Amino acid sequence: MRSGTIGIVLKQIGSLLNVLGIIFILPFIVSAMYDEWFSAAGFLLSAGVVLGIGLALYKIFNKAEDPQYNHGLIIAASSWLIITLMGAIPFIIIAKLTPDTEMSKFIPAGALYKESSLVYFNNFLHCFFESMSAYTTTGLSMAIHEPSVGKGVLFYRSLAQWVGGAGFIVMALAVFKQTSGQGAMLLYGAESTSEKLMPKVIDTSRAIWRVYFLLTAFTIAYLVVGTKLILPTYRLADNIFDSVNHAMSGLSTGGFSTLDDMMSTYQSPYMEMLYLLPMILGSFSIPFYYKLIFKRKISEIWKDIQTRSLIIAFVAGSIIQSFLLFKANAVPEPVREGVFQFVSALSTTGWQTSNIHH
């Protein structure tokens, strides 16, 4: 790349790192709420490091030109690599800072294991893997026992998936105004489908996040109320924490969970039915929701070809999956387990409630 191109790319990366540094403040607050002070310190230190790098890059290359056509894909590809690398920093810092005695406090009472999964993040490669999995909403994890890493880290994992679900560059465009209309359009097109909801790309980015926020708020409320009705004895604090995290990981279809055995931990078929909706909602596109919510186009539910295809696939596939499980005599409740597993698979969420491969 030419020196001018390097400056253009690094300026944009600096802006993205500033957003990432601000994002780290949220799990810092959650860690502090749960008295996880080593985790809180780790997130605060990570925020300082990333913001320092981001501000330095932006200041050094502040006079760089706005991106041109040939810069869009370079910026998108390099940004995601840098974001996932920098996103691994909290894991390694928290693992190094937290004493074994404090890690042991993260292990739930009555658990059969004796070691916190936070120890696996002493290896930076594991941290990078976790960050990459989170921000790309892949959902694979190095945490063997999720609850044993602490509330702050659990929240960060879900938050990273939630941010990745709508697009990190789209978020940066929604937050900052430094990029010109042409540059913003190129960056937006490099990460998304290029479909504009509004005349200006900045306004489109903000509309995307406004819809995403509304969906997330609705899903959180839906899960909190539903869990309270189905499991009235489940602690409200745990209910809220699970619901917030599962709303973020469900809508992003990333599939991280706060529970060791995901939804089967609740030991309730009604909870499994409750969790079908977040996976289904996460499958539909943001432009569809924008037209449905803000333009009141109810007909889009069937008119939008992607939405219609997914609805048909969810119904038909669930029926076929349930029938196959019934014929194979593989599980005791083929309909319940067939529907949940198929919706989880088609939506790419990856939540599981049983082992159906026998």
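Residues numbered from 1 in each chain as written. Predicted model: local features only at pLDDT ≥ 70, side-chain atom pairs only at ≥ 80, totals over all residues. Heavy atoms only, no water.

Enquirer: So what exactly am I meant to see when it comes to the overall build of the chain here?
Expert: Across its full length, the chain carries 18 helices and 0 strands. When each of the 358 residues of the chain is scored for burial, the buried share is 51%. By sequence separation, contacts in the chain at least 24 residues apart represent 72% of the contacts at least 6 residues apart. Roughly 16,500 Å² of accessible area belongs to the chain as shown, and the carbon and sulfur atoms make up 67% of that amount. (Helix = DSSP H or I, 4+ residues; strand = E, 2+ residues; numbered from the N terminus. Buried < 20%, exposed > 50% of the residue type's maximum accessible area, 1.4 Å probe, protein only. Contact = heavy atoms within 4.5 Å. Areas by Shrake-Rupley, 256 points an atom, 1.4 Å probe, with all protein chains shown as cover.)

Enquirer: Just to check I follow, could you spell out the nonpolar core for this structure?
Expert: One broad rule of soluble globular proteins: the nonpolar side chains tend to lie buried together. With 77 residues, the main nonpolar core has L17, L20, L118, F121 and Y275 as its most contacted residues. Counting residues per element, this core draws most heavily on helix α8 (residues 151-166), at 9 residues. Apart from residues lying up to four places away in sequence, F121 is in contact with F91, I92, A95, H126, C127, E130, M142, A143 and V149. (Core = buried A, V, L, I, M, F, W, Y, C linked by side-chain atoms within 4.5 Å.)

Enquirer: Can you help me understand a nonpolar patch on the surface in this one?
Expert: Together, L26, I29, M33 and Y34 line one region of the surface with nonpolar side chains, adding up to about 390 Å² of accessible area. With respect to the helices, strands and loops of the structure, I29 is situated in helix α2 (residues 25-33). Classification of I29 as partly exposed rests on a relative accessible area of 39%. (Patch = residues over 30% accessible without salt bridge, like charges linked within 9 Å, V, L, I, M, F, W, Y side chains within 5 Å. Salt bridge = Lys/Arg side-chain N within 4 Å of Asp/Glu carboxyl O.)

Enquirer: Sorry, what's going on with the packing of aromatic side chains here?
Expert: The description of an aromatic ring pair rests on the distance of the ring centres and on the angle between the ring planes. For the coordinates displayed, the defined rule picks out 19 aromatic pairs. Look at F24 and Y156: their rings are 5.6 Å apart centre to centre, the planes differ by 75°, and that puts the pair in the edge-to-face class. Taken together, the positions of F24 in the loop between α1 (3-23) and α2 and Y156 in helix α8 put the pair 132 residues apart, joining distant regions of the chain. Judged by relative accessible area, F24 falls into the buried class, the value being 0%. (Phe/Tyr/Trp six-rings, centres within 6.5 Å; stacked < 30°, edge-to-face > 60°.)

Enquirer: Is there a simple way to explain the layout of surface pockets in this structure?
Expert: Gaps between atoms show up when a probe of the same size as a water molecule is rolled over them. Size it by volume and the second largest pocket reaches roughly 510 Å³. Mapped onto the lining of the second largest pocket, the elements with two or more residues apiece are α3 (37-60), α8 and α12 (236-251). Looking at the lining of the second largest pocket element by element, the count peaks at 3 residues for α3. Among the residues forming the lining of the second largest pocket, the class breakdown is 14 nonpolar, 5 polar and 9 charged. (1 Å grid on protein atoms, 1.4 Å probe; cavity = no way out; pocket = protein on both sides within 12 Å on 5 of 7 lines; lining within 4 Å. Points joined across faces, edges and corners; volume = space filled by probe spheres on them. Nonpolar A, V, L, I, M, F, W, Y, C, P; charged D, E, K, R; others polar.)

Enquirer: Just checking my understanding: could you explain the pattern of salt bridges for this structure?
Expert: Pairing of side chains with opposite charge becomes possible as their charged atoms draw close. Inspection of the entire model under this criterion finds 6 salt bridges. Taking the shortest distance from any N to any O, the salt bridge between D238 and R235 comes out at 3.0 Å. Of the charged contacts in the structure, one is a salt bridge between E337 and R336, with a shortest N-O distance of 3.7 Å. The class of E337 is buried, set by a relative accessible area of 5%. By relative accessible area, which is 22% here, R336 ends up partly exposed. Several salt bridges converge on common partners, so that one network encompasses E272, E333, R336 and E337.

Enquirer: I'm lost on the packing of helix α14 (residues 276-283) against helix α18 (residues 334-346) in this one. Help?
Expert: Each packed pair of helices is defined by two parameters, the angle between the axes and the distance between the axes. Orientation of α14 relative to α18, taken along the N-to-C sense of each, is 30°, at an axis distance of 9 Å. In this view, α14 runs roughly parallel relative to α18, as classed from their interaxial angle. Like other packed secondary-structure pairs, α14 and α18 cross with a definite hand, here left-handed. The residues of α18 that touch α14, namely those facing L276, M279 and I280, are V339, F340, V343 and S344. (Axes fitted to C-alpha atoms, helices over the stretch in contact; angles between N-to-C directions. Parallel < 35°, antiparallel > 145°, perpendicular 65-115°, else oblique. Left-handed = near helix turned anticlockwise from the far one by under 90°.)

Enquirer: Help me understand unusual backbone geometry in this model?
Expert: What is expected of a backbone is that most residues other than glycine have negative phi and most peptide bonds are trans. Residue M262 is not a glycine yet carries a positive backbone phi of 55°. Within the fold, M262 resides in the loop between α12 and α13 (269-274). With phi around 55°, Q267 is a residue other than glycine that occupies positive phi space.

Enquirer: I'm lost on α8 in this one. Help?
Expert: Structurally, the α-helix is built with 3.6 residues per turn, so residues lying three or four positions apart point the same way. In this model, α8 (16 residues) spans 23 Å end to end at C-alpha, consistent with the 22 Å of a helix rising 1.5 Å per residue. Taking burial as the measure, the 16 residues of α8 include 14 buried ones, the bulk of the element. Just beyond α8, the residue with positive phi is G167, at close to 110°. (Expected span 1.5 Å × (residues − 1).)

Enquirer: I would appreciate a short explanation of the environment of F106 in the present structure.
Expert: Mapping F106 onto the fold places it in the loop between α6 (100-104) and α7 (124-135). Between the alpha carbons of F106 and E146 there is a distance of 9.8 Å; along the sequence they are 40 residues apart. Not counting the four nearest positions on each side in its chain, F106 is found in contact with E36, S39, S116, L118, P147, S148, V149 and G150.

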